[in-house]
Amino acid sequence: MTVTDPIADALTRIRNANQVNHSNVTIPASKLKVELIKLLKDEGYIEDFKLVEENGFKVIDVTLKYFNKKPVITNLKRVSTPGLRTYSKAKNLPRVFDGMGIAVISTSKGLMTDRAARTQNLGGEILCYVW
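All figures in this text were calculated on a predicted structure; none of them were measured in a lab. (Residues numbered from 1 in each chain as written. Predicted model: local features only at pLDDT ≥ 70, side-chain atom pairs only at ≥ 80, totals over all residues. Heavy atoms only, no water.)

Visitor: It is not clear to me how helix α2 (residues 31–42) should be interpreted in this structure. Could you clarify?
Guide: Because each turn of an α-helix spans 3.6 residues, side chains separated by three or four positions end up pointing in the same direction. Here α2 spans 16 Å end to end across 12 residues, near enough to the 16 Å set by a 1.5 Å rise per residue. If you check which residues of α2 are buried, you get Lys33, Val34, Leu36, Ile37, Leu39 and Leu40. Where α2 terminates, the next one or two residues include glycine 44, which has phi positive at roughly 85 degrees. (Helix = DSSP H or I, 4+ residues; strand = E, 2+ residues; numbered from the N terminus. Expected span 1.5 Å × (residues − 1). Buried < 20%, exposed > 50% of the residue type's maximum accessible area, 1.4 Å probe, protein only.)

Visitor: Whenever I open this one, the packing of helix α1 (residues 6–19) against α2 confuses me. Can you help?
Guide: Axes are the key here: two packed helices are described by the angle between their axes and the distance separating the axes. Contact geometry for α1 and α2: axes closest at 10 Å, N-to-C directions at 40 degrees. Here α1 lies oblique to α2, going by the angle between them. In this structure, α1 meets α2 at a crossing whose hand is right-handed. Residues Pro6, Ile7, Ala10, Leu11 and Ile14 of α1 form the contact with α2, whose participating residues are Leu32, Lys33, Leu36, Ile37 and Leu40. (Axes fitted to C-alpha atoms, helices over the stretch in contact; angles between N-to-C directions. Parallel < 35°, antiparallel > 145°, perpendicular 65-115°, else oblique. Left-handed = near helix turned anticlockwise from the far one by under 90°. Contact = heavy atoms within 4.5 Å.)

Visitor: Please clarify how the pattern of salt bridges should be interpreted in this entry.
Guide: Pairing of side chains with opposite charge becomes possible as their charged atoms draw close. Per the counting criterion, the structure on display carries six salt bridges. Salt-bridge contacts for aspartate 5 lead to arginine 78; the nearest nitrogen and oxygen are separated by 3.0 Å. One end of the pair, aspartate 5, is in the segment before α1; the other, arginine 78, is in strand β6 (residues 76–78), with 73 residues separating them in the sequence. Its relative accessible area of 12% is what places aspartate 5 among the buried residues. Judged by its relative accessible area of 14%, arginine 78 is buried. Residues arginine 85 and glutamate 125 are paired through a salt bridge, measuring 3.1 Å at the closest nitrogen-oxygen approach. With arginine 85 in the loop between β6 and β7 (87–88) and glutamate 125 in strand β10 (residues 124–130), the pair connects residues that are 40 residues apart, well separated along the chain. (Salt bridge = Lys/Arg side-chain N within 4 Å of Asp/Glu carboxyl O.)

The values are spatial; any link to function lies outside them.
As structure tokens, then:
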């Protein structure tokens, strides 16, 4: 089955696993999704991840993070879609919940949070919001 928006698929898998309190979720691997998951780990939204091979395909095994039996990730929202790309200059980058959440930005220097992109004065495509 072909997925038209793999980033939205990955975010939905994480969102669904969080809602039913699963400890792990597997996501089909790609370079972009690995960078996205790495960013979520660095920001403290997930516990850990590892690349595994299942049935000849690489997948990302994500260990979700909970605090007091509640998921750390409250919500994930896809912003830029294949049908409607959303770009922003560095000075216009959004703040998610006044800095409590993050916006994942695809810049010329790779994926980074809105704070990092703002400090480096880089704009780019707004992939998603995480809070």
